[in-house]
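Single-letter residue listing:
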Amino acid sequence: MKPKPQAKTSSLGDSGFTIIESLMAIVVVAMLLASITPILIISTSIRVQSRRIEKATQAANTFIDGVKAGSIVTGSSAAPSKKISLDPATLRTPADYFISITKMPVPISKTDANVNLYLLKKDGNICIASDSACQIDSTNTFDEFYIQAMPIIVAGIHTKSSGYRLAVRVYRSDVNFSKPLLASTSDVKKVVSPIVADIGNRQAPLIERTVDISHNSPRFQALCYRLGMTKDQNGNNQVC
């Protein structure tokens, strides 16, 4: 006699996913991607901004080296720039050397006569932004920067040999002059990283700093002029 074949039963390993299980897996994966996407975007933005600030720092150093070498005459009396004046009779405080929009107004246009605005080209050349021949290279906006600079001088005693402090701001070359530019609004030093504070905000300066510009033959008295008064052992004001 021929035995009757038995019906084959499917084991657990032969079973597949149901439509509901597949949909649930898709939802879970989508939620995970949605949760990590902002982190990836912010991380990329921070890396780009960090790189831009690094380049802006190099641009500021190039500009300052040009000032020290005498190829950029921001500190001479013949320079067509506005200056920040300090009272020679007061005791200097750190706030005197912090730049704010009150002491150093932000540019309102590329040709603003009330500021000292330069353009640092990718090839290292520096031109005055108000010059019609001074144009940005639209293909290299990441490597070119607008630099605003103003000397901080002591009123009444400033000479070419006394030296001065130089206030510098560095903006991206793709800054939109049709909209307000940003800068520090207070003389108080803010402990806020520009990388985190204004990610991707092209209206905000990448760098704000001051640096001491001394004469080729520095004198101690010239340093005293820039420092103002000091305190003696008894706490009395005296000129250093």
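Along the protein chain, the regular secondary structure elements total three helices and eight strands. Scanning the protein chain from its N terminus toward the C terminus, one meets helices and strands in the order α-β-β-β-β-β-α-β-α-β-β. Taking all 240 residues of the protein chain together, the buried fraction comes to 33%. Partitioning the intrachain contacts of the protein chain with sequence separation of at least 6 by distance along the chain shows that 69% fall at a separation of at least 24. Carbon together with sulfur atoms contributes 60% to the accessible area of the protein chain, which is approximately 14,700 Å² in total.

Per the stated rule, a full pass over the model turns up one disulfide. Each sulfur in the disulfide pair C127 and C134 lies 1.9 Å from the other. Between C127 and C134, the S-S dihedral sits near 60 degrees, and the bridge is therefore right-handed. Judged on exposure class, the residue C127 and its partner C134 are both buried.

The subject of this paragraph is the confidence of the model for the protein chain. Residue-level pLDDT values for the protein chain average 78, and 72% of them are 70 or greater. Across the protein chain, the secondary-structure element scoring lowest on mean pLDDT is helix 2 (residues 194-197), at 49, and the one scoring highest is strand 2 (residues 117-120), at 93. Here residues 76-80 is modelled with pLDDT under 50, and outside its nearest four sequence neighbours on either side it reaches six contacts, counting other chains as well.

Turning our eyes to something else, we now look at the pattern of salt bridges. Enumeration over the complete set of coordinates arrives at six salt bridges. Between D212 and R165 there is a salt bridge; the shortest N-O distance is 4.0 Å. Here the residue D212 occupies a position in strand 6 (residues 207-213), and R165 occupies one in strand 5 (residues 164-172), the gap between them amounting to 47 residues. Residue classification places D212 among the partly exposed positions, given a relative accessible area of 26%. Judged by its relative accessible area of 19%, R165 falls in the buried class. Between R172 and D174 there is a salt bridge, and its shortest N-O distance comes to 2.8 Å.

Before going further, it helps to spend a moment on the pairing of strand 4 (residues 145-154). Each regular strand shows side chains that alternate between the opposite faces of the sheet. Most of strand 4 is tucked away, with 10 of its 10 residues classed as buried. Taking every second residue as pointing to the same face, both faces of strand 4 are buried, with F145, I147, A149, P151 and I153 on one and Y146, Q148, M150, I152 and V154 on the other. Of the pairings in the sheet, the one linking strand 2 to strand 4 comprises four bridges and is antiparallel in character. Pairing of L117 across the sheet is with Q148, part of strand 4. Pairing analysis gives eight bridges linking strand 4 to strand 5, with the strands arranged antiparallel. Across the sheet, the residue bridging to Y146 is Y171, located in strand 5.

A cluster of nonpolar side chains, namely V29, L33, I36 and L40, defines an oily patch on the protein surface of about 370 Å² accessible area. Take I36: it is sitting in helix 1 (residues 19-69). Judged by relative accessible area, which is 41%, I36 ranks as partly exposed.

Moving on, we get to the side chain of R172. On the secondary structure map, R172 appears in strand 5. A polar atom in the side chain of R172 sits 2.8 Å from the side chain of D174. Residues contacting R172, with those up to four places away along its chain left out, are R52, E144, F145, Y146, G200, N201, R202 and L206.

Among the nonpolar cores identified, the biggest contains 22 residues, and F63, V67, I147, L166, V168, V170 and I213 are the most heavily contacted of them. Elements with a contribution of two residues or more to this core: helix 1, strand 2, strand 4, strand 5 and strand 6. With seven residues, the single largest contributor to this core is helix 1. Contact partners of I213, with chain neighbours within four places excluded, come to I64, V67, K68, G163, Y164, L166 and R226. Listed in part, the 21 residues of the second largest apolar core include L86, I99, C134 and F177.

For the structure on display, the rule yields two aromatic pairs. On the basis of an interplanar angle of 55 degrees and a centroid distance of 5.1 Å, the ring pair of F63 and Y118 is categorised as tilted. Of the two residues, F63 is situated in helix 1 and Y118 in strand 2; the sequence distance between them amounts to 55 residues. Comparing F63 with Y118 shows no difference in burial state: the two are buried.

Thresholds applied
- Residues numbered from 1 in each chain as written.
- Predicted model: local features only at pLDDT ≥ 70, side-chain atom pairs only at ≥ 80, totals over all residues.
- Heavy atoms only, no water.
- Helix = DSSP H or I, 4+ residues; strand = E, 2+ residues; numbered from the N terminus.
- Buried < 20%, exposed > 50% of the residue type's maximum accessible area, 1.4 Å probe, protein only.
- Contact = heavy atoms within 4.5 Å.
- Areas by Shrake-Rupley, 256 points an atom, 1.4 Å probe, with all protein chains shown as cover.
- Disulfide = S-S within 2.5 Å.
- pLDDT = per-residue confidence, 0-100.
- Salt bridge = Lys/Arg side-chain N within 4 Å of Asp/Glu carboxyl O.
- Pairing = 2+ DSSP bridges.
- Patch = residues over 30% accessible without salt bridge, like charges linked within 9 Å, V, L, I, M, F, W, Y side chains within 5 Å.
- Polar contact = N/O pair within 3.5 Å; in protein donor to acceptor, adjacent residues only side chain to side chain.
- Core = buried A, V, L, I, M, F, W, Y, C linked by side-chain atoms within 4.5 Å.
- Phe/Tyr/Trp six-rings, centres within 6.5 Å; stacked < 30°, edge-to-face > 60°.

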